[in-house]
Amino acid sequence: MPIIRSFIKFAWRHFGLRTRYLQWKGQKLVNEWEYLVDNAPDRADADRRVLIIPSDPVLISRSTGDQAMIDAIKAEWTRRMPDAKVYVATVGGDADLAAGKLGLEPLPILQDGSTITDSYTASLAIRPDVVILMGADGVDGSYDPSFSVRNLALVDLLSRSGAEAYITGFSVSRDFHPLVTTVFDRIDENVAVNLRDPVSFARFTDASDCSAREVADVAFLLKPQENRSVGRLNKWIDEQRSLGRTVLGLNFHPLLLELDHRSALTDLIEAMAEVVEGLLKTGDIAILLIDHDERGSSSDALCLRPLYEMLTSRFSQRLLYPEGRLSAPEIKALSSQLDGVISGRMHLMIASIGAATPTFGIDYKDKMEGLLQLCELDCDNLASAETVLADPNDFRERIMAWIADLEAQRSKVVAALPSIRKSALKNFAPLK
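Sequence order as written defines the numbering, with residues in each chain counted from 1. Under the rules for a predicted model, residues below a pLDDT of 70 receive no local features and side-chain atom pairs below 80 are neither given nor counted, while totals for whole chains, interfaces and linings still include all residues. Side-chain metrics rest on all non-hydrogen atoms present in the structure, leaving aside hydrogens and water.

1. Details of the sheet that holds strand β11 (residues 340-343)
Within a sheet, adjacent strands bond to each other through the backbone by hydrogen bonds, running parallel or antiparallel. What counts, and what does not: At least two DSSP bridges between two strands are required for those strands to pair. Strands here mean DSSP runs of E at least two residues long; helices mean DSSP runs of H or I at least four residues long; both are numbered from the N terminus. We call two residues contacting when some pair of their heavy atoms lies within 4.5 Å. Fitted lines through C-alpha atoms serve as axes, helices being fitted only where they are in contact, and the angles separating the N-to-C directions of these axes extend from 0 to 180 degrees.
The sheet built from six strands is open, its strands ordered β10-β9-β8-β11-β12-β13 with parallel pairing. Each of the sheet's edge strands pairs with one partner strand only, and the pair in question is β10 (319-320) and β13 (382-384). Where β11 and strand β12 (residues 359-363) come together, three bridges link them in parallel fashion. From the neighbouring strand, Ser343 faces β12, where its bridge partner is Gly361. The strands that helix α10 (residues 265-280) touches are β8 (246-250), β9 (285-289), β10 and β12; relative to β9, the one it contacts most, it runs at about 140 degrees.

2. Notes on the sheet that holds strand β6 (residues 191-195)
Spatially, β3-β2-β1-β4-β5-β6-β7 is the arrangement adopted by the seven strands of the open sheet, whose pairing is parallel. Since the sheet does not close on itself, it has two edges, and those belong to β3 (105-108) and β7 (213-214), each with one partner. Sheet analysis places β6 next to β7, joined by two bridges and oriented parallel. Looking at the pairing, Asn194 lines up with Arg213 of β7. Along the sheet, helix α4 (residues 94-101) contacts β2 (85-90) and β3; its crossing angle with β2, the most-contacted strand, is approximately 150 degrees.

3. As for the environment of Ala202
To be explicit about the condition: The cut-offs for exposure are 20% and 50% of the maximum accessible area for each residue type, with area from a 1.4 Å probe on protein chains only; residues under the lower value are buried, those over the upper are exposed, and the others partly exposed.
Tracing the backbone shows Ala202 in helix α8 (residues 198-207). Judged by relative accessible area, which is 35%, Ala202 ranks as partly exposed. Remark: the alpha-carbon pair of Ala202 and Val191, spanning eleven residues in sequence, is separated by 19 Å.

4. Topic: helix α3 (residues 64-80)
Quick reminder of the rule: How far a helix is expected to stretch is found by multiplying one less than its residue total by 1.5 Å.
With 17 residues, α3 should cover 24 Å at 1.5 Å per step; its first-to-last C-alpha distance of 24 Å lies within 8% of that length. Buried within α3 we find Thr64, Gly65, Asp66, Gln67, Ala68, Met69, Ile70, Ala72, Ile73, Glu76 and Trp77. Looking at the buried side of α3, the elements it contacts are β1 (49-53), β4 (130-133), β5 (164-170), α12 (328-335), α13 (346-354) and α17 (406-425).

5. Quick look at the environment of Phe220
One can find Phe220 in the loop between β7 and α9 (228-242). Excluding residues within four positions of it along the chain, Phe220 makes contact with Lys332, Ile350, Ile353, Gly354, Leu371, Cys375, Ile420, Arg421 and Ala424.

6. Some details on the packing of α3 against α12
How we decide: Working definition: roughly parallel below 35 degrees, roughly antiparallel above 145 degrees, roughly perpendicular at 65 to 115 degrees, and oblique for all remaining angles.
The contact between α3 and α12 brings their axes to 8 Å, and the two run at 100 degrees. Taken together, the axes of α3 and α12 lie roughly perpendicular to each other. Taking contact as the criterion, the partners of Thr64, Gln67, Ala68 and Asp71 in α3 are, on α12, Ala328, Pro329 and Ile331.

7. Observations regarding α10
With 16 residues, α10 should cover 22 Å at 1.5 Å per step; its first-to-last C-alpha distance of 22 Å lies within 8% of that length. Taken across its 16 residues, α10 has twelve buried, putting it largely inside the fold. Of all the residues in α10, the buried ones are Leu265, Leu268, Ile269, Ala271, Met272, Ala273, Val275, Val276, Glu277, Gly278, Leu279 and Leu280.

Function cannot be inferred from these measures alone, as they are strictly geometric.
Okay, structure coming up:
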C-alpha cells in the first residue's frame, strides 16, 4: 500500500492530474457563479455585521501572516463599527475553535462539498453590512484556481446583494489563472479590488479589465505587542549585541520549492546550513530562527528544526531557535529589535519592514519584488531557493554585502513607512 500511495502522489504532482482536476473544479464553480449572478436575491436589511473570508478557512491562523491580516482587519472595523459583530467564514470543527480564540464569531459556510449557493445563502442569513475577502496570495489562482474562484464568487454575490465589499491587497504572480480573470472581468463594480504592490498591480491590469487600485498590505496596520515572551528574546538579542554582534532573524520553508521540486528540500536545508555556518564562523553575527507558519507540509519547522540540529552543538551561544510559536503582534515587536531579517515568508518581511527593520527576501511565486518596490527598497536584496541551491557561497557573500549596508537600508525603510501605512489604510477607503 505505501508503494501504491507514493505512486499516486507522484502521478498527482508530475503528470498534470492535479492541474486538470483543479481546472475542472474551478470551471464548474464559474458556471455556478454565472447562474447566480443572473438570479441573485435581494438582501434583507443589514444588521451591523462584518464577515471576513480568510485566506485559510481550515486552519484560520496557523499562518502568522494570516493572523496578522485578521488582527489588522478586525481592529480597523471594530474601530469603525464598535457595536458590530465580526464573523469569519470557516469549514467548521476545529476552525470554529480557532476563530473563537481570535475573538471572532465562526460562520461555518465553506465545508467540503458545499456549493457557492450554499455558502451564499448561509452568508445572507447573518445580514452582513460589510464583507472582506483577505487577499494575500490566494486570489490569483496560482495555488488553486477553484479556491480563488469560490471566494471571489462569494464576495461578488454579497456585494450584489448590498454588502459593502472589499478584497484586501493581494499579489498576482506570473501564473494568474484565466478562470480567475473570468470572474474579475465580471465582478460587481462596487467591490473594492486592491493590489498590494506595483508589480502585482501591473500584472492585474494587463490581464483584466476590472477596475482596481494599488495599496500596501493590510498587515502593515498590525500593532506590535511587547510581553514576557518577547522580553526574554530581546534579552538574548541585547546580550549578543553587547558582544559586538549583528543579530539577524532567519526564516525559510518548503514552499520555497515548487511542488514538483519538493524532493530537493533536504538539499535546500543543507545548503542553508552551509550559509548559516559561514555567517556564524565570522564570530560577529548571531542568528535567531523565526517560525512563522505551522501548516502541515509547508511548516517552517520542517526546515528550521533540522538546520538548528545540524549547527547548535557548534554555535549554541550564537544560534537560537525559540521554543513555542510567537503570535503575529509579538513577531512584529521582536522584529523591531533585530538588525535585519532574512525572510522566506512575505508577511515576515511585512512585519519587519513595518517595524523599520531591513529585510533580505528569499522569493517564491515571484511576489517579493513588488513589496520591495512598494517600499522603495533595493530589489537586489532578493534571491530564490534555486540560487541558494546553485551556489551557497555566493548567496552567503550577498548576505554579507547586505549586512554591510544595513544602516543605509534602515534609513530607507524609516523614510518609506509613513507612506506605506497611509497606503495600507486605502484597503478600506471608499471607491468614490
